[in-house]
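# Residue-level structural notes
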Amino acid sequence: VYDPTGPKVRLGVLWFVVAAAAIAVGPLAVALVYGVAAAVAAAQTARVWRRRRLRPNEQLAAVLAGAMGAGAVLGAGGTGLVLLAGAIIAYAMASGDTKSPHPVIVDAGWTLQCALGPGIVAMSMVLLSRLDRGSALALLLLVSAYETGDYLIGTGAKNPYEGPVAGGAAIVVITFILSTTPLSALSFAEAWLFGGLVVVLAPLGQLAASALLPTAGAPASALRRLDSLLLAAPVWCFGIGLLI
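Numbering of residues begins from 1 in every chain and follows the order in which that chain's sequence is written. pLDDT decides what is reported in this predicted model: residues at 70 or higher carry local features, side-chain atom pairs at 80 or more are listed and counted, and totals for whole chains, interfaces and linings draw on all residues regardless. With hydrogens and water excluded, all non-hydrogen atoms of the structure serve as input to the side-chain values.

## A few points about the overall build of the protein chain
A run of DSSP states H or I qualifies as a helix once it reaches four residues; a run of E qualifies as a strand once it reaches two. Both are numbered from the N-terminal end. When its secondary structure is counted, the protein chain shows 10 helices and zero strands. Reading the helices (α) and strands (β) of the protein chain from amino to carboxyl end gives α-α-α-α-α-α-α-α-α-α. Here the radius of gyration uses the C-alpha set of atoms, whereas the globule reference equals 2.2 Å times the residue count to the power 0.38. Here the C-alpha atoms of the protein chain give a radius of gyration of 18 Å, agreeing with the 18 Å that 2.2 N^0.38 yields for 244 residues. Relative accessibility under 20% of the residue-type maximum defines a buried residue, over 50% an exposed one, and the middle range a partly exposed one, all with a 1.4 Å probe and only protein chains included. Looking at the protein chain as a whole, 49% of its 244 residues qualify as buried. Summing over all exposed atoms, the protein chain offers an accessible surface of approximately 11,500 Å²; the carbon and sulfur share of this is 72%. Positive and negative side-chain charges of the protein chain, numbering 14 and 10 respectively, have mean locations separated by a distance of 9 Å. In these tables, accessible area is a Shrake-Rupley quantity obtained with a 1.4 Å probe, and a residue counts as shielded only by the protein chains included in the view. The charged-residue count follows a simple rule in which Lys and Arg add positive charge and Asp and Glu add negative charge, with His and chain termini not counted at all. Each charge is placed at NZ for Lys, CZ for Arg, CG for Asp and CD for Glu.

## A few points about the packing of helix α3 (residues 58-71) against helix α5 (residues 104-131)
Contact geometry for α3 and α5: axes closest at 7 Å, N-to-C directions at 20°. The angle between α3 and α5 places the two elements in the roughly parallel class. Of the two possible hands of crossing, α3 and α5 adopt the one that is right-handed. Across the interface between the two elements, L60, A61, L64, A65, M68 and G69 from α3 touch T111, L112, C114, A115, L116, P118, G119, I120, A122, M123 and V126 from α5. Along the lines of polarity and charge, the residues of the contact of α3 with α5 split into 14 nonpolar, three polar and no charged. The axes are straight lines fitted to the C-alpha atoms, using for helices just the contacting stretch, and the angles between their N-to-C directions are given from 0 to 180°. Any angle that falls under 35 degrees is termed roughly parallel, while one over 145 is termed roughly antiparallel, one within 65 to 115 roughly perpendicular, and all others oblique. Helix crossings fall into two classes, left-handed where the near helix is turned counterclockwise from the far one by less than a right angle and right-handed where it is turned clockwise. The contact criterion used throughout is that any non-hydrogen atoms of two residues lie within 4.5 Å. Side-chain classes are defined by residue name, with Ala, Val, Leu, Ile, Met, Phe, Trp, Tyr, Cys and Pro counting as nonpolar, Asp, Glu, Lys and Arg as charged, and the others, Gly among them, as polar.

## Points about the nonpolar core
With 64 residues, the main nonpolar core has Y34, M125, L139, V198, L226, L229 and W236 as its most contacted residues. The biggest single contributor to this core is helix α2 (residues 27-50), with 12 residues. Dropping the residues within four chain positions of it, L139 is found in contact with M125, L128, V198, L229, A232, A233 and W236. We define the nonpolar core as a collection of buried residues of types Ala, Val, Leu, Ile, Met, Phe, Trp, Tyr and Cys that are connected through side-chain atoms lying within 4.5 Å of one another.

## Topic: unusual backbone geometry
With the exception of glycine, most residues fall at negative phi, and the peptide bonds are largely trans. Even without a glycine there, the phi angle at R53 is positive, about 70°. Tracing the backbone shows R53 in the loop between α2 and α3. In this structure R53 comes out as exposed when scored by relative accessible area, which is 75%.

Dropping the structure here:
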């Protein structure tokens, strides 16, 4: 259930403007914007798990998530090298945590788990902007439309379905616009196919983000900023890569 207190709408609009501007500038700017958001999300996720007496490394999770986006500027191989180095460093740092009652591999695994979800979003958006900036902007428009409908209608709704249904309806409207304009590399049919994927994957991404947290209401606002992209972004990146 959304908490309507505070400047939620203004912050959402500001995020959209900043993210759209980054996509317009290029992959390096996308890596900066989404990398910072991913780093904060990973740190917040690690923090809430530490309150449950687990011991993910908050700082390393943040660095790894942000570095996944930065590495993607060089391509998928750059992110692969970041993940390899991150796994080694996570194990080494967990080995030096003498206060932890858990096995080293467990602590290292929790650090990686906190970083991977947000990092995949940052990586996917950077790779997508490398492939086709128009497609990256189209995905941002679709996800933003979903989040707008979901928040405005879902806030105060008596059941958990009204928000996602409203968000899906907003996606249909934006998909129609995208299918009739040359914004991205997608054809008419492809635009509807990829728009339909967002209808399904955006709410599933919200559920996946909840699964990354101890409880759905755990304080991780940066992760919630990225949650609708958690599944949609990598699927779009893979699909656009196949098309192009």
